Amino acid sequence: MMTHYDSPDLRPLSVLLSDLGQQIEAYRISRNFKQAELAEMAGISRSTLTRLEAGNGGTIDSLARILRALDIEDRLLDIVPDAKLSPLDPRSDTGKARQRVRKSSESAPSEEWSWGDEAP
């Protein structure tokens, strides 16, 4: 069973976003960009960059633009692992990408069927 997103075992989302914003800010500073310069390069407003660096929200579009302006856009695709390449899941070796999710049937018979068990 998956952990619910607001589980007490996980760091609060606000902390996670704040940490991400701090990493973006530190990377921007290490590349010697002012907020206004990076925002202009990314095609976003300075206030949007300020908000994102503070961990106060933003969009995937803004994040992608910032990473592109910092020349690290390829890292955006590393956030979610490639679902087709799981060595532990035999379904990922079929060669076809799954398009739907199907849950296993809970109404499946609990015992094996054998000849003679047919209904009259």
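Every residue gets a number counted from 1 within its own chain, in the order that chain's sequence is written. Under the rules for a predicted model, residues below a pLDDT of 70 receive no local features and side-chain atom pairs below 80 are neither given nor counted, while totals for whole chains, interfaces and linings still include all residues. Heavy atoms throughout the structure, all of them, feed into the side-chain values; hydrogens and water do not.

Draft legend 1. The arrangement of unusual backbone geometry in detail. A positive phi angle is found at asparagine 32, which is not glycine, with a value near 65 degrees. The helix and strand labels rest on DSSP assignments: H or I over at least four residues marks a helix, E over at least two residues marks a strand, and numbering proceeds from the N terminus. Along the polypeptide, asparagine 32 turns up in the loop between α1 (13-30) and α2 (35-42). Here asparagine 32 falls in the exposed class, since its relative accessible area comes to 68%. With phi around 65 degrees, aspartate 71 is a residue other than glycine that occupies positive phi space. For the exposure calls, accessible area comes from a 1.4 Å probe over protein chains only, and a residue counts as buried if that area is under 20% of its type's maximum, exposed if over 50%, partly exposed in between.

Draft legend 2. Representation of α2 within the structure. Those residues of α2 that sit buried are Gln35, Leu38, Ala39 and Ala42. Considered in projection along α2, the buried side chains sweep an arc of 100 degrees and stay on one side of the axis. Next to the buried residues of α2 lie α1, α3 (46-53) and α4 (60-69). Trailing α2 by a residue or two, glycine 43 shows a phi angle of about 75 degrees, which is positive. For this quantity, the arc is that covered by the directions from the helix axis to the C-beta atoms. In this description, contact between two residues means that some pair of their heavy atoms is separated by no more than 4.5 Å.

Draft legend 3. Seen up close, the confidence of the model for the chain. The predictor reports its confidence for every residue as pLDDT, a score running from 0 up to 100. Per-residue confidence for the chain gives a mean pLDDT of 83, with 72% of residues at or over 70. The element-level mean pLDDT for the chain is lowest in α1, coming to 95, with α2 highest at 98.

Draft legend 4. Inspection of the pattern of salt bridges at higher detail. By definition, a salt bridge exists where a carboxyl oxygen of Asp or Glu is found within 4 Å of a side-chain nitrogen of Lys or Arg. Counted by the stated rule, this structure contains five salt bridges. Between aspartate 19 and arginine 11 there is a salt bridge, with its nearest N and O atoms 2.6 Å apart. Note on aspartate 19: relative accessible area 26%, which makes it partly exposed. The salt bridge involving glutamate 25 is made with arginine 28; its shortest N-O contact spans 4.0 Å. In this pair, glutamate 25 and arginine 28 both sit in helix α1, three residues apart, roughly one turn of the helix. Looking at glutamate 25, the relative accessible area reads 31%, which means it is partly exposed. Here the salt bridges share partners, and the residues they tie into one network are Glu25, Arg28 and Glu53.

Draft legend 5. Geometry of the environment of isoleucine 66. Topologically, isoleucine 66 is positioned in helix α4. Here isoleucine 66 falls in the buried class, since its relative accessible area comes to 0%. The sequence separation of isoleucine 66 and leucine 52 amounts to 14 residues, and the corresponding C-alpha distance is 9.9 Å. Non-local contacts of isoleucine 66, meaning those with residues more than four positions away in its chain, are made with Ile24, Leu38, Ala42, Ile44, Leu49 and Leu52.

Draft legend 6. Highlighting the side chain of arginine 28. Residue classification places arginine 28 among the buried positions, given a relative accessible area of 7%. Excluding residues within four positions of it along the chain, arginine 28 makes contact with Phe33, Lys34, Gln35, Leu38, Leu49, Glu53 and Leu70.

Draft legend 7. Seen up close, the packing of α2 against α3. Convention adopted: a line fitted to C-alpha atoms gives each axis, helices being fitted over their contacting stretch, and angles between N-to-C directions are expressed from 0 to 180 degrees. With their axes 8 Å apart at the nearest point, α2 and α3 run at an angle of 110 degrees to one another. For the element pair α2 / α3, the angle class is roughly perpendicular. Across from Gln35, Ala36, Leu38 and Ala39 in α2, the residues of α3 making contact are Arg46, Leu49, Thr50 and Glu53. Residues of the contact of α2 with α3, tallied by class, amount to four nonpolar, two polar and two charged. Any angle that falls under 35 degrees is termed roughly parallel, while one over 145 is termed roughly antiparallel, one within 65 to 115 roughly perpendicular, and all others oblique. Note on residue categories: nonpolar means Ala, Val, Leu, Ile, Met, Phe, Trp, Tyr, Cys or Pro, charged means Asp, Glu, Lys or Arg, and polar means any other residue, Gly included.

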